[in-house]
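Topology and contacts: notes
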Amino acid sequence: MKKLTLITCVLACFLFSSAAFGQIQNPAHWSFKVKELSAQQVELQFVLKLDDGWHIYSQKSDANGPIPMEYTFDENAAYKRVGGVVEPKPHEEMDDVFNCMVRSFSGKATFRQKIDRKTADAFTVTGSMYYQLCNDGSCIAPDDTPFSFKVPAATMTDSLAEPVAETEETVNEDTASVVAVAPIAEEEPLEEEEHSSLLYIFLMALLGGILTMFTPCVFPMIPMTVNYFMHSSANRRKNTIQALFFGFSIIFIFTVVGALLSLVFGPESLNTIGTNGYVNVVFFLIFFTFALSFFGLFEITMPEKWINGSDSQAEKGGFLAPFFIALTTVLISFSCTGPIIGGALVNFATSTTNRWVGLVSMLGFGIGFALPFTLLAFFPQVLKNMKSGGWLNSVKIVFAFLELVFGLKFLSIADQYWSWGLLDRDIYLAIWIVLFGLMGLYLMGKIKFKGDTEVEHIGVVRLFFIICSFTVMVMLIPGLWGAPLKGLSGFLPPMDTQDFNIERSIIENSKSPINVNAVVYGDDAAVQVSSSLPANRKYADKLHMPTGFEGFYDLDEAKAYARSVNKPIFIDFTGRNCANCREMEEYVWVVPEAKTLLNNEFVMCALYADMNAIKLPESEWVTDDNGRTIKTLGRRNLYYQTKNFNMNAQPYYVIIDADGNVLTKNNFKYTRDAEKFVAFLQEGVDNFKK
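This write-up is about the structure you can find in this document.

Reading the values: the criteria
Residues numbered from 1 in each chain as written. Predicted model: local features only at pLDDT ≥ 70, side-chain atom pairs only at ≥ 80, totals over all residues. Heavy atoms only, no water. Helix = DSSP H or I, 4+ residues; strand = E, 2+ residues; numbered from the N terminus. Buried < 20%, exposed > 50% of the residue type's maximum accessible area, 1.4 Å probe, protein only. Contact = heavy atoms within 4.5 Å. Areas by Shrake-Rupley, 256 points an atom, 1.4 Å probe, with all protein chains shown as cover. Expected span 1.5 Å × (residues − 1). Arc of directions from axis to C-beta. Phe/Tyr/Trp six-rings, centres within 6.5 Å; stacked < 30°, edge-to-face > 60°. Lys NZ or Arg CZ within 6 Å of the ring centre and 35° of its normal. Core = buried A, V, L, I, M, F, W, Y, C linked by side-chain atoms within 4.5 Å. Salt bridge = Lys/Arg side-chain N within 4 Å of Asp/Glu carboxyl O. Pairing = 2+ DSSP bridges. Axes fitted to C-alpha atoms, helices over the stretch in contact; angles between N-to-C directions. Disulfide = S-S within 2.5 Å.

Right, let's talk about the overall build of the protein chain for a bit. Along the protein chain, the regular secondary structure elements total 18 helices and 21 strands. A buried classification covers 48% of the 690 residues belonging to the protein chain. Pairs at least 24 apart in sequence give 71% of the contacts found in the protein chain among residues at least 6 apart. With an accessible surface of roughly 34,400 Å², the protein chain has 60% of that area assigned to carbon and sulfur atoms.

And the structure:
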């Protein structure tokens, strides 16, 4: 009995020590369920349960944000996918680090993929998931996680039959292998309706619809349309009813379009506008074309056949007349309302995943568009004070400038999608500055376009818009030198595309080719910066250190250089899309004591664990412990981190010598405690010099 007790204690101590020292984190626990919907269709359910404090990013992440979740399905002739993987409502938050809307999931969530059977026999659906996990202190670089669904043979004879019992498979947390378990009851994902988000979208669309009243396509139609209802019959009550029906008809037309967008395309299709390069190029061309039209180069109109057909129906009287007058109004005003609707849908669809965004947007816009017509039908005396004139052409030209301003956003997304480098942040800002400056000069009457009248004096409203134009122009100018412009960050390209940054320029120009070190004066103290490293470092053309720091991106190169200069190596396990890594760099690395140590006492080496877009040459491929061949830089760096330091999260800092020996008692994880970070660096320096 004593021997048994002793063995038990030893085992318990062993298990405790394994738990205490093992640092590989796996906060994502997956189970896979198969649900039969009909004899032909099956739903695959990816059920995720995350440990407290952890979150995973949505498939619909912004192009400038964290790495989105991806699903890869192996080819199989036994089934066909129906659409993409549908996810529940994510948590949405504007992130200061990424300067964009970040969508994530925490707790429990279920992702669903419908497939159509092509065989009545049983088959297996396999593939992999690629996702990034983060908490408040670290991120886990993405890697391929396999999945497998065992779809049973078709047993239904009626597609409307009740679903049969579901089967489930779970992922073993240690090996990520798929193990079959007994069926369990389905748990619905934690989904909440986006009431506040949809209300905001509705109100903004309503405001947009009202503002179209002042566009050159809509404004001249108001007196003509309202007069038709007020004088088409001697019966005032009948005219009022027809005017109301006219307003409801406009709302109905826009709502039908919105319903089609929501039901046919859905948020998944609309959201691709936010990231897909081809779609964004198309939208840029549309906005650019409308801008040229507003400037007077040509006129965009709907086909005359459509408008004439609508007019002929309007002449038949009854309730058909107000409906077809409404349809004619919508068609004629398309050249002004089209870009407004398109721009609104783009922004709304990329800020929410709610399926009804199209319906709510168009309903709000339709009500706003119809409201002036309907109200003026009740108060016709107001029409006497509504005079069109040269000011309408001014509105049209201002719209043209704004079309170019917002159209650049779509071109910028396409530029980042394909990494063209044509529209970097400073070039983008320069174009905006010119456009807002020209718009201000135009409103002052210094520039004239076709159809403009002489500006004899500047009214209060025009003065207000002149002030706004030049204010925006002046506000944008500091951005050319690297100012963050946080209020406009959602419209601007990422900061790392900035070709000229005054802080980076000061540091780089302070380096002397003669002296070993140069001095740059920060806010609190003088900080020394090491002389430039070899220009031909691997991946230096694609990867960058934070402003004010220099380093390597390949460990072997860093070791060779460290041996030649007799310095320790500071390894930064980081990620291109790691928000916590950026926080450490912005709040902790820049502390004068830390910056001095990093720049003067270490050879810095940034190992990006998520840069899988960089392919390794075949001579540098690595085979991991599972026999998988690693062919990308990110996966190789992640494998090195997990194999040697039993850690898969970033940021993670290790100090070694040129022979690979660790120089500190403990490695360093995320914390914004600068004193602890400085102490960690000093410990590495002291141990290296012993």
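Over its 17 residues, helix α12 (residues 460-476) runs 25 Å from end to end, which matches the ideal 24 Å to within 8%, given 1.5 Å per residue. Burial in α12 covers these residues: Arg462, Ile466, Ser469, Met473 and Leu476. Along α12, the residues classed as buried sweep out an arc of 105° about the axis, all on the same side. Seen from the open side of α12, the exposed residues pointing more than 90 degrees away from its buried face are Val460, Val461, Phe464 and Val474.

The tally for this structure, following the rule as stated, stands at 39 aromatic pairs. Taking 5.7 Å as the distance between ring centres and 50° as the angle between the ring planes, the aromatic pair formed by tryptophan 30 and tyrosine 131 counts as tilted. Of this pair, tryptophan 30 sits in strand β1 (residues 28-36) while tyrosine 131 sits in strand β9 (residues 123-134), placing them 101 residues apart in sequence. Residue tryptophan 30 shares its accessibility class with tyrosine 131, and that shared class is buried. Pairwise contacts between aromatic rings join Trp30, Phe32, Phe46, Tyr71, Phe73, Phe105, Phe111, Tyr131, Phe147 and Phe149 into one cluster. Across the ring face of tryptophan 621, the terminal group of lysine 631 is positioned such that the distance to the ring centre comes to 4.5 Å. Across from the ring centre of tyrosine 587, 3.8 Å away, lies the NZ or CZ of arginine 672, which sits over that ring.

A few words on the nonpolar core. Counting 48 residues, the largest nonpolar core has Trp30, Phe46, Phe111 and Val125 as its most contacted members. Leaving out residues up to four positions away in the same chain, phenylalanine 111 has contacts with Trp30, Leu44, Gln45, Phe46, Leu48, Met69, Tyr71, Val85, Val86, Glu87, Pro88 and Phe105. By size, the runner-up hydrophobic cluster in this structure holds 32 residues, among which are Ala606, Leu663, Phe680 and Val685.

Turning our attention to the pattern of salt bridges. Tallying each qualifying case throughout the model produces twelve salt bridges. A salt bridge links lysine 689 to glutamate 601; the nearest nitrogen and oxygen atoms lie 3.7 Å apart. With lysine 689 in helix α18 (residues 674-689) and glutamate 601 in helix α16 (residues 592-601), the pair connects residues that are 88 residues apart, well separated along the chain. Accessibility expressed as a relative area gives 58% for lysine 689, which makes it exposed. A salt bridge links arginine 636 to glutamate 620; the nearest nitrogen and oxygen atoms lie 3.1 Å apart. Of the two residues, arginine 636 sits in helix α17 (residues 633-645) while glutamate 620 sits in the loop between β16 (603-608) and β17 (622-623), which places them 16 residues apart along the sequence. Under the relative-accessibility criterion, arginine 636 is labelled buried at 15%. Among the charged side chains, a network of salt bridges with common partners joins Lys538, Asp554, Glu620 and Arg636.

Glancing now at the sheet that holds strand β15 (residues 569-574). Taken in spatial order, the four strands make up an open sheet running β16-β15-β20-β21, and their pairing is mixed. The outermost strands of the open sheet, each flanked by one partner alone, are β16 and β21 (668-669). Taken together, the five bridges between β15 and strand β20 (residues 652-656) define a ladder with antiparallel strand orientation. Directly across from phenylalanine 570, in β20, lies its bridge partner isoleucine 655. Its contacts with the sheet place helix α14 (residues 555-565) against β15, β16 and β20, and it is angled at close to 175° to β16.

What follows deals with the state of the cysteines. Across all of its chains, the model carries one disulfide by this definition. Covalent S-S linkage joins cysteine 134 and cysteine 139, the inter-sulfur distance amounting to 2.0 Å. What sets the handedness of the cysteine 134 and cysteine 139 disulfide is the S-S torsion sign, and at about 110° it is right-handed. Both residues of the pair, cysteine 134 and cysteine 139, belong to the buried class.

The subject of this paragraph is the pairing of strand β8 (residues 108-117). Two faces, one strand: in a regular strand the side chains alternate between the faces of the sheet. In terms of burial, β8 is largely enclosed, as eight of its ten residues are buried. Inspection of the sheet shows strand β2 (residues 41-50) paired to β8 by nine bridges, in the antiparallel sense. What sits directly across from valine 42, in β8, is isoleucine 115. Here five bridges tie strand β5 (residues 79-86) to β8, and the two strands are oriented antiparallel to one another. When the bridges of β8 are listed, lysine 80 appears paired with aspartate 116.

Next up on the list: α16. The buried fraction of α16 amounts to seven of the ten residues, a majority that puts the element mostly inside the structure. Within the span of α16, buried status applies to Pro592, Ala594, Lys595, Leu597, Leu598, Asn599 and Asn600.

Here we take up the pairing of β16. Within β16, six of the six residues are buried, leaving the element largely enclosed by the surrounding structure. Where burial is concerned, the two faces of β16 agree: the one with Val603, Cys605 and Leu607 and the one with Met604, Ala606 and Tyr608 are both buried. Note: β15 against β16, six bridges, orientation parallel. From the neighbouring strand, isoleucine 571 faces β16, where its bridge partner is cysteine 605.

Turning to unusual backbone geometry, a few remarks are in order. Following glutamine 650, the chain continues into proline 651 via a peptide bond in cis, with omega recorded as 0°. Take proline 651: it is sitting in the loop between β19 (649-650) and β20. Of note in the backbone geometry, tyrosine 539 takes a positive phi value of approximately 65° without being a glycine. Summarising the element assignment, tyrosine 539 is placed in the loop between β14 (526-530) and α14. Using a relative accessible area of 12% as the deciding quantity, one classes tyrosine 539 as buried. Positive phi values are uncommon outside glycine, yet asparagine 646 reaches one of about 55°. Structurally, asparagine 646 is set in the loop between α17 and β19. Residue class for asparagine 646 comes out partly exposed when judged on its relative accessible area of 30%.

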